[in-house]
Amino acid sequence: MTTLKVAVPQEKYHQELISCQMACPVHTDARGYVRAIAEGRFEEAYLIARGPNPFASICGRICGAPCEVACRRGQIPRLDDDGNFVAWDRPVSIRALKRFACEQAGIDTNPTDTVLENIRSYVPQIAGNIEEMSAFLQASIAGKLIKANQEKIAIIGAGPAGLSAAHDLALMGFSPTVFEIEPVAAGMLAVGVPAYRLPRELIAREVALIQALGVEIRCNTTVGKDISFADLRRDFAAVLIAVGAKSSRGLSLPGEAGPRVYGGVDLLRAVSLGESLDLGQDVIVIGGGNVAYDVARTVLRQIAYDTARTAKRLMTVSQVWLVSLESLEEMPADTVEILEGDEEGIIRMNGWGPLEIKRGNNGEVKGVTFKRCLQVYDENKRFAPIFDEKIQQTISCDTVLLAVGQYPNLSFLKDGGKDVAENRPGWPKADPETLATTAPGVFVAGDLAHGTRLLIEAVASGKKAARSIYQYVTGRSLTVESTTAHIVQERYRREAGYETIRRAEIPVIEAEERLKHPETVVETGYNRQQAMCEASRCLDCGVTPVFDGNRCVLCGGCADVCPTQCLKLVSLSQLDLSPDLQSAINESLGNDSNLDENTAILKDEDRCIRCALCAMRCPADAITMERVTFSNLWRSQ
Ligand SMILES: Cc1cc2nc3c(=O)[nH]c(=O)nc-3n(C[C@H](O)[C@H](O)[C@H](O)COP(=O)(O)OP(=O)(O)OC[C@H]3O[C@@H](n4cnc5c(N)ncnc54)[C@H](O)[C@@H]3O)c2cc1C
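The shown structure was predicted, so the numbers you read here are calculated from the model rather than taken from an experiment.

Details of the packing of aromatic side chains
Ring pairs (aromatic) are described by centroid distance and by the angle formed between their planes.
Here is step 1 of the chain: Throughout the structure, instances matching the rule amount to 7 aromatic pairs.
Here is step 2 of the chain: Pairing F85 with W88 gives two aromatic rings, centres 5.1 Å apart and planes at 65 degrees, and the pair type is edge-to-face.
Here is step 3 of the chain: Judged by relative accessible area, W88 falls into the exposed class, the value being 51%.
Here is step 4 of the chain: Aromatic pair F229 and F412: ring centres 5.7 Å apart, planes at 50 degrees, arrangement tilted. Residue F229 is found in helix α13 (residues 229-235), and its partner F412 is found in the loop between β16 (406-407) and β17 (422-424); the two are separated by 183 residues along the sequence.
Here is step 5 of the chain: Residue classification places F412 among the buried residues on the basis of a relative accessible area of 8%.
Here is step 6 of the chain: Taking the ring centre of F236 as reference, the NZ or CZ of K152 above it sits at 4.8 Å.
Here is step 7 of the chain: When the ring centre of W427 is taken as origin, the NZ or CZ atom of R424, which lies over that ring, is 4.4 Å away.

Remarks on the site of the ligand
Here is step 1 of the chain: Taken together, the neighbourhood of the ligand is formed by 37 residues, with I62, E180, R197, K246 and D447 sitting nearest.
Here is step 2 of the chain: One of the backbone N or O atoms of V223 is found 3.0 Å from a nitrogen atom in the ligand.
Here is step 3 of the chain: Here the ligand has 1,000 Å² of accessible area as a free molecule, and 94% of this is covered by the chains.
Here is step 4 of the chain: Looking at the shell around the ligand, the elements that each hand over two or more residues are α10 (160-171), α11 (188-191), α14 (264-272), α15 (290-310) and α18 (455-474).
Here is step 5 of the chain: The class makeup of the residues in the shell around the ligand is 20 nonpolar, 10 polar and 7 charged.

Overview of the environment of K516
Here is step 1 of the chain: With respect to the helices and strands, the residue K516 is situated in the loop between α19 (511-514) and α20 (528-535).
Here is step 2 of the chain: C-alpha of K516 to C-alpha of E343: the two residues are 173 residues apart in sequence and 14 Å apart in space.
Here is step 3 of the chain: At a separation of 2.9 Å, a polar atom in the side chain of K516 contacts the side chain of E513.

What about the nonpolar core?
Here is step 1 of the chain: In terms of nonpolar packing, the biggest core is built from 92 residues, with Y33, I37, I94, L163 and L189 touching the most fellow members.
Here is step 2 of the chain: A per-element tally of this core places α18 first, with 9 residues.

Looking at the environment of V553
Here is step 1 of the chain: With respect to the helices and strands, V553 occurs in the loop between β21 (543-547) and α21 (557-561).
Here is step 2 of the chain: In this view, V553 contacts P619 and A620; residues no more than four positions away in its chain are not counted.

Points about the packing of helix α4 (residues 42-50) against helix α7 (residues 94-105)
The relative placement of two packed helices comes down to the angle between their axes together with the axis-to-axis distance.
Here is step 1 of the chain: Contact geometry of α4 with α7 gives a least axis separation of 8 Å together with a crossing angle of 115 degrees. On the basis of the axis angle, α4 is roughly perpendicular to α7. The two elements α4 and α7 meet at a crossing, and its hand is left-handed. Only K98, F100, A101, C102, Q104 and A105 of α7 make contact with α4, whose side of the interface consists of F42, E43, A45, Y46 and A49.
Here is step 2 of the chain: In terms of residue class, the contact of α4 with α7 is built from 8 nonpolar, 1 polar and 2 charged.

A few points about the pattern of salt bridges
Here is step 1 of the chain: For the structure on display, the rule yields 45 salt bridges.
Here is step 2 of the chain: Note that D235 is salt-bridged to R234, the shortest N-O span being 2.9 Å.
Here is step 3 of the chain: Relative accessible area serves as the criterion here: at 37%, D235 is assigned to the partly exposed category.
Here is step 4 of the chain: Relative accessible area serves as the criterion here: at 60%, R234 is assigned to the exposed category.
Here is step 5 of the chain: A single salt-bridge network, built from bridges that share partners, covers D29, R31, R35, E39, R41, E44, R494, E495, D540 and R627.

Here we look at the sheet that holds strand β5 (residues 216-218)
Here is step 1 of the chain: Ordered in space as β5-β4-β3-β6-β19, the 5 strands form an open sheet in which the pairing is parallel. Strands at the two margins of the open sheet, each flanked by one partner only, are β5 and β19 (442-444). With direction set aside, neighbouring strand axes in the sheet form an average angle of 20 degrees.
Here is step 2 of the chain: Pairing between strand β6 (residues 238-241) and β19: 3 bridges, direction parallel. What sits directly across from I241, in β19, is V444.
Here is step 3 of the chain: Set on the sheet, α18 makes contact with β3 (152-156), β6 and β19; between it and β6 the angle comes to about 165 degrees.

Some details on helix α8 (residues 112-121)
Here is step 1 of the chain: Within the span of α8, buried status applies to V115, L116 and I119. The buried residues of α8 occupy an angular sector of 100 degrees when the element is viewed end-on, so they sit on one face.

Notes on the sheet that holds strand β14 (residues 383-396)
Here is step 1 of the chain: Reading across from one edge, β12-β13-β14 is the order of the 3 strands in this open sheet, with antiparallel pairing throughout. With one partner strand each, in any of the chains shown, β12 (352-359) and β14 form the two edges of the open sheet. Looking at each pair of strands side by side, their axes are set apart by 25 degrees on average, direction ignored.
Here is step 2 of the chain: Pairing geometry for β12 and strand β13 (residues 365-377), over 7 bridges, is antiparallel.

Thoughts on a nonpolar patch on the surface
Here is step 1 of the chain: Among the surface-exposed residues, L79, F85 and W88 lie close enough to one another that they form a single nonpolar patch of about 330 Å² accessible area.
Here is step 2 of the chain: Looking at the element boundaries, F85 is found in strand β2 (residues 85-88).
Here is step 3 of the chain: Of the residues examined, F85 reaches a relative accessible area of 47% and is grouped as partly exposed.

Comments concerning α18
Here is step 1 of the chain: Over its 20 residues, α18 runs 29 Å from end to end, which matches the ideal 28 Å to within 8%, given 1.5 Å per residue.
Here is step 2 of the chain: Counting buried residues along α18, 15 of its 20 residues qualify, which places the element largely inside the surrounding structure.
Here is step 3 of the chain: Positioned one or two residues after α18, G475 has a phi angle of 75 degrees, which is positive.

Section: the side chain of E523
Here is step 1 of the chain: Assignment of secondary structure puts E523 in the loop between α19 and α20.
Here is step 2 of the chain: Residue E523 is classed as buried on the basis of its relative accessible area of 18%.
Here is step 3 of the chain: At a separation of 2.9 Å, a polar atom in the side chain of E523 contacts the side chain of R95.
Here is step 4 of the chain: The contacts of E523, once residues within four sequence positions are left out, are R61, R95, R99, I506, P507 and V508.

Calculation notes
- Each chain carries its own residue numbering, running from 1 in the direction its sequence is written.
- Residue-level local features of this predicted model are given only where pLDDT is at least 70; pairs of side-chain atoms are given and counted only at 80 or more, and the full residue set underlies all totals for whole chains, interfaces and linings.
- With hydrogens and water excluded, all non-hydrogen atoms of the structure serve as input to the side-chain values.
- Put simply, two rings from Phe, Tyr or Trp (the six-membered ring, in Trp's case) pair if the centres are within 6.5 Å, and we call them stacked under 30 degrees between planes, edge-to-face over 60, tilted for the rest.
- Relative accessible area decides the class of each residue, using a 1.4 Å probe on protein chains only: under 20% of the type maximum gives buried, over 50% gives exposed, and in between gives partly exposed.
- Only DSSP runs of H or I reaching four residues or more are called helices, and only runs of E reaching two or more are called strands; each is numbered from the N terminus.
- Criterion for a charge above a ring: Lys NZ or Arg CZ within 6 Å of the ring centre, and within 35 degrees of the ring normal.
- Any residue with a heavy atom lying within 4 Å of a molecule or strand is counted as near it.
- Polar contact criterion, stated in full: a pair of N or O atoms within 3.5 Å, where within protein one must be able to donate a hydrogen and the other to accept it, and residues adjacent in sequence count only if both atoms are side-chain atoms.
- With residues, only the protein chains shown are counted as cover, and all accessible areas are computed by Shrake-Rupley using a 1.4 Å probe.
- Only Asp, Glu, Lys and Arg are considered charged, only Ala, Val, Leu, Ile, Met, Phe, Trp, Tyr, Cys and Pro nonpolar, and every remaining residue, Gly among them, polar.
- What is meant by a nonpolar core is a set of buried Ala, Val, Leu, Ile, Met, Phe, Trp, Tyr and Cys residues, joined one to another through side-chain atoms within 4.5 Å.
- Only heavy atoms enter the contact rule, under which two residues are in contact if any of them lie within 4.5 Å.
- Every angle, taken between N-to-C directions, lies between 0 and 180 degrees, and every axis is a line fitted to C-alpha atoms, over only the stretch in contact when it is a helix.
- Reported orientations rely on four angle classes, namely roughly parallel under 35 degrees, roughly antiparallel over 145, roughly perpendicular from 65 to 115, and oblique for the rest.
- Two helices cross in a left-handed way if the nearer one is turned anticlockwise from the farther one by less than a right angle. They cross in a right-handed way if the turn is clockwise.
- The term salt bridge refers to a side-chain nitrogen of Lys or Arg lying within 4 Å of a carboxyl oxygen of Asp or Glu.
- Strands are labelled as partners when DSSP assigns at least two bridges between them.
- Directions drawn from the helix axis to the C-beta atoms are what define this arc.
- What goes into a patch is any residue over 30% in relative accessible area without a salt bridge, connected to like charges within 9 Å or, for nonpolar side chains (Val, Leu, Ile, Met, Phe, Trp, Tyr), within 5 Å.
- To estimate how far a helix should reach, multiply one less than its number of residues by 1.5 Å.

Right under this line is the structure:
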């Protein structure tokens, strides 16, 4: 007889079930705000989202949303009437719901003072959130976090990492000053991400809220030119380097050096700041990731906009190519970028690697020669392209944009930072736990610390650095006090038919409309009714049926009524007795229990949709729906 392999829930079992929260680098309680939206509690939804994340409103627009990748709804099979597999369901549209919550009650539409007051007075109703904003405030109110003494902390770079660190440091009682080269704060969000995805006004509002907490931002100030790194180390109690990776990588191709070949992020920066850049009409963008799409779609808008404004250029002679090594299936860009890029008229070429940039007699760009790429990754998923050099083609163009990665510029370390060691050329070495570099009092965060990743990872890393700086400067250790509570849900009911509702596509404007003005925002977002309906798809993984073995009469009604067939009654002798299962059996039945005479109820967590039908059906009241919540409070010692 084959035995069934089962797992006995371990300590972190309930936390891990809330996969959206676990997947978020700052552990936002996505389930919490999505359920709040479903129930019409929009202000609370915003406060839950804003709690651990100073960039909640911006994340609502552009977050890479690891929560959605982890959402259990996307792992539920859709079955036909005969119980046959049709397709996997799709995750809850968490990011767009966050945007909705922020538009209802966040800085998107409300004055800074009002929002700040709401945040300050917010005490989570359900302690289900690892809410550091509230937690820091509550901890200091409760006397558990001894505030710093307004010591001055220097932060280089006003990107999401630097500003998130500054935000938390201000809450902890420090005096953070952020130095920023650009005339605007927010790093790549302001000078990289195009305005058609992220309105500039929204960035300004998000930054204003951070400033209102006591963060000073000095724009137009380059560390290494206007102020030296040595000065910062002398005048500040600690220094955080959060300068990102702003320099475009080149490919060292023949013909690359010279006019009209630019780095993709340099183009985005110029457009964001309204600086002029000499662009032609036939543009090739090299790269296959999201940045390449931002570049290509931005150029398309520049050309279309100029056409509309000056009527000097015709759409038919203006084209933007996007050429990637990867096949369509392998491209790292998000599917939505590829689809919207196709809709807008980007000419996509997959499976080609650049060989040479052709220039004319006067040095003008004439085209790019590509060779066929047969394979990009090896069997270990490592980047190891293989080409067929014999298959080549040249595409005519007058401008080339390279979107093949970025690297940092740490030249300011020359003066006062020689003790910051590198772990690979150009990248600093840092302890992954503390983000401390090899130089005393110098920390790193964001893209500089972990390589180019998502905005929310930069936020998480800035917050981590803030905690390390607190410990370094005050000499006190900082620990988290966690409490778990199980709250019985007496009248737990779900929205009728929630299990069959399909994911609502995020509304966008038509491709033609998008191109009329470079800053027209593509996504229009959900309205109230769409948001509440989409939010009701959430499986509410924080709630779970709990079975009381002493009451159960083994009638099997729970398994019969379960719509996803996730419950099963089996004899204990059918189970594969792993050591932890054996000790669980011993604990509940004693060491000499007869396995054949005892029954277990097995639950397939991947399938459970928290409908509560099992609890309603149980004639012995042996099943209760329980909400498991966690709260984390910082304590300094
Ligand atoms: C084009 C583009 C689009 C992106 N889109 C998304 C997206 O849609 N979703 C997502 O999740 N992530 C996205 N990302 C990634 C995200 O923007 C980054 O991961 C994030 O901005 C990194 O934050 P950071 O604070 O580490 O660095 P940055 O945002 O790069 O900020 C660093 C700051 O330091 C400043 N600085 C540098 N040197 C100095 C100096 N010497 N003195 C003073 N200041 C200095 C820079 O000017 C900059 O403002 C995108 C990135 C790019 C490039």
